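Report on the structure
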Amino acid sequence: MSNMISRTVLKRSLSMLGLAVTLGCGAINTAMAAETPVAIGISGWTGFAPLTLADKAGIFKKNGLDVTLKMVPQQSRHLAIASGSLQCAATTVETYLTWNASGVPIKQIVQLDKSYGADGIAVRGGINKVADLKGKTISVDAPGTSSYFLLAWILDKNGMTMKDVKLATLGPDAAAHAFIAGQNDAAVTYEPYLSTIRQSPDKGKILTTTLDYPMVMDTLGCTPSWLDKNPKAAQALVNSYFEALDMIKKDPDKANEIMGAAVKETGKQFAEESSYLRWQDRDANKKFFSGEIVTFTNEAARLLTEMKILHKTPDINTLYDAKYVTQP
């Protein structure tokens, strides 16, 4: 009799254990299902590194996001958005003008960085001022990219246009390597590739950077449809970015190691390169979205229109939504 009772108790215990395991698995599956998937297009640009940190350090996951970071060239990021393979992208502010004008709506929700010398033009000896670039061959990325716009902006500020120079279309990485290999008279590139030229002074010099022309700034934007369907996830994206900045401040060595590893560099190398830009915290974002974004976008629209890259200027108020940086 006692054996029968023991077996009955054991069977009940096993049954309850099985139920607990089932319920536990269900809870895990529910938690996993609660993570909102989002694919973000980026490049190896140093300014985007906090997004990589948020991914690798588990910040996105902690905040209920299933983020996939995809390396997509800037000039084709909007095509990936249009195809549905990306819901969000990190890119320069002026880019949103051409993307939205071409029928690919995307709205900025947080400013990521401002370049303080991280973008620039490298030149051969004998070229000592911007005017000396006239007639020279310059390696630069394709129209619709930050490097192309930077060159146009700097030439414009010096009374020149893109017609005054010869262009060799190369991406930022390839432009830097070509310059070091002795090709072309000048190259437009950014960090971490600009530092490879800084480290090769026998090949040339840095003529000018965004310290002289502060016009390169990046934001993270998402499609309006994704934002409408996932307001909490959008807020979590922004909060995760700010948490990554907090980690950089509190544990810079660990953060730099993680961010450096993503671009096959040491933490020390990455720290040196990132010194040429400023990641933008919540206070900086509030300032940016309260007026800076409109002022800059208007000037960018003028230049892009003169270059015939932009044929119709979209309503600037539709290019951003500041609420994500003004609320926790």
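Everything here concerns the structure above.
Keep in mind it's a predicted model, so treat the numbers as computed, not measured. As a convention, each chain's residues are numbered from 1 in the sequence order in which they are written. The predicted nature of this model means local features are confined to residues of pLDDT at least 70 and side-chain atom pairs, given and counted, to a pLDDT of 80 or more, with totals for whole chains, interfaces and linings taken over all residues. Computation of side-chain values: all heavy atoms of the structure, hydrogens and water removed.

Structural notes on the overall build of the chain
If you tally the helices and strands in the chain, you get 14 helices and 11 strands. For every residue, the accessible area (1.4 Å probe, protein chains only) is compared with the maximum for its type, and the residue is labelled buried under 20%, exposed over 50%, or partly exposed between those bounds. Counting over 328 residues, the chain shows a buried share of 50%. Throughout, a contact is declared for two residues whenever any of their heavy atoms are within 4.5 Å. Nonlocal contacts in the chain, meaning residues at least 24 apart in sequence, comprise 79% of its contacts between residues at least 6 apart. Accessible surface computed for the chain: about 15300 Å², of which carbon and sulfur atoms make up 56%. Note on conventions: DSSP H or I runs of at least 4 residues are helices, E runs of at least 2 residues are strands, and numbering of each starts at the N terminus. Using the Shrake-Rupley algorithm and a 1.4 Å probe, accessible areas are obtained, with residue cover drawn only from the displayed protein chains.

Overview of the state of the cysteines
Disulfide assignment relies on a single distance test, namely cysteine sulfur atoms paired within 2.5 Å. Applying the stated criterion to the full structure yields 1 disulfide. One disulfide bridge connects Cys-88 with Cys-222, the sulfur atoms lying 2.2 Å from each other. Disulfide Cys-88 to Cys-222: torsion about the S-S bond roughly 105°, handedness right-handed. Of the two residues, Cys-88 is situated in strand 3 (residues 88-92) and Cys-222 in strand 10 (residues 217-222); the sequence distance between them amounts to 134 residues. Judged by relative accessible area, which is 0%, Cys-88 ranks as buried.

Here we look at the nonpolar core
Burial of nonpolar side chains together is a common tendency in soluble globular proteins. Take the buried Ala, Val, Leu, Ile, Met, Phe, Trp, Tyr and Cys residues and link them wherever side-chain atoms come within 4.5 Å; each set so joined is a nonpolar core. Counting residues in hydrophobic clusters, the biggest one holds 89 residues, and the most contacted among them are Val-110, Ile-121, Leu-133, Trp-226, Leu-237 and Trp-279. Looking at which element gives the most residues to this core, the answer is helix 10 (residues 231-250), with 11 residues. Residue ranges labeled as domains rest on an automatic or database domain assignment. Composition of this core by domain shows at least three residues from each of domain 1 (35-113 + 215-324) and domain 2 (117-207). Apart from the residues lying within four places of it in its own chain, the contact partners of Trp-279 are Thr-46, Gly-47, Ala-49, Pro-50, Leu-112, Asp-113, Tyr-241, Leu-245, Ile-248, Met-259, Phe-270 and Ser-274. Listed in part, the 10 residues of the second largest apolar core include Ala-39, Ile-81, Leu-86 and Ala-89.

Considerations on the pairing of strand 10
Within strand 10, 6 of the 6 residues are buried, which leaves it mostly tucked inside the rest of the structure. Alternating residues of strand 10 divide into Met-217, Thr-219 and Gly-221 and Asp-218, Leu-220 and Cys-222, and every residue in both groups is buried. At least two DSSP bridges between two strands are needed for those strands to be called paired. Alignment of strand 3 against strand 10, held across 5 bridges, turns out to be antiparallel. From the neighbouring strand, Thr-92 faces strand 10, where its bridge partner is Asp-218.

Focus on the pairing of strand 4 (residues 107-115)
Counted residue by residue, strand 4 has 8 buried out of 9 residues, so it is predominantly covered. Note: strand 4 against strand 10, 6 bridges, orientation antiparallel. Bridged to Gln-111 within strand 10 is Thr-219. Both strand 4 and strand 11 (residues 277-279) contribute to a ladder of 3 bridges, which runs antiparallel. By the bridge assignment for strand 11, Lys-114 is matched with Arg-278.

Observations concerning the packing of helix 10 against helix 11 (residues 252-261)
A fitted line through C-alpha atoms serves as each axis, taken over the contacting stretch for helices, and the angle formed by two N-to-C directions is quoted from 0 to 180°. Close contact between helix 10 and helix 11 brings their axes to 5 Å; oriented N to C, the two are set at 120°. Here helix 10 is positioned oblique relative to helix 11, judged by the angle of their axes. Where helix 10 abuts helix 11, its residues Met-247, Ile-248, Lys-249 and Lys-250 lie against Pro-252, Lys-254, Ala-255, Ile-258 and Met-259. Under the scheme applied here, ten amino acids are nonpolar (Ala, Val, Leu, Ile, Met, Phe, Trp, Tyr, Cys and Pro), four are charged (Asp, Glu, Lys and Arg), and all others, including Gly, are polar. Partitioning the contact of helix 10 with helix 11 into residue classes produces 6 nonpolar, no polar and 3 charged. Angles are sorted into four bins: roughly parallel if under 35 degrees, roughly antiparallel if over 145, roughly perpendicular if 65 to 115, and oblique for all others.

Details of the packing of aromatic side chains
By convention, a stacked pair of Phe, Tyr or Trp rings (six-membered ring in the case of Trp) has centres within 6.5 Å and planes under 30 degrees apart, an edge-to-face pair has planes over 60 apart, and any other such pair is tilted. Tallying each qualifying case throughout the model produces 9 aromatic pairs. Where Phe-149 meets Trp-153, the ring centres are 5.7 Å apart and the plane angle is 55°; that geometry is what we call tilted. Separated by 4 residues within a single helix, Phe-149 and Trp-153 lie in helix 6 (residues 146-157), roughly one turn from each other. Judged on exposure class, the residue Phe-149 and its partner Trp-153 are both buried. Relative to Tyr-320, the ring of Phe-289 lies with its centre 5.8 Å away and its plane at 35°, an arrangement referred to as tilted.

What is shown is where atoms sit, not what they do.
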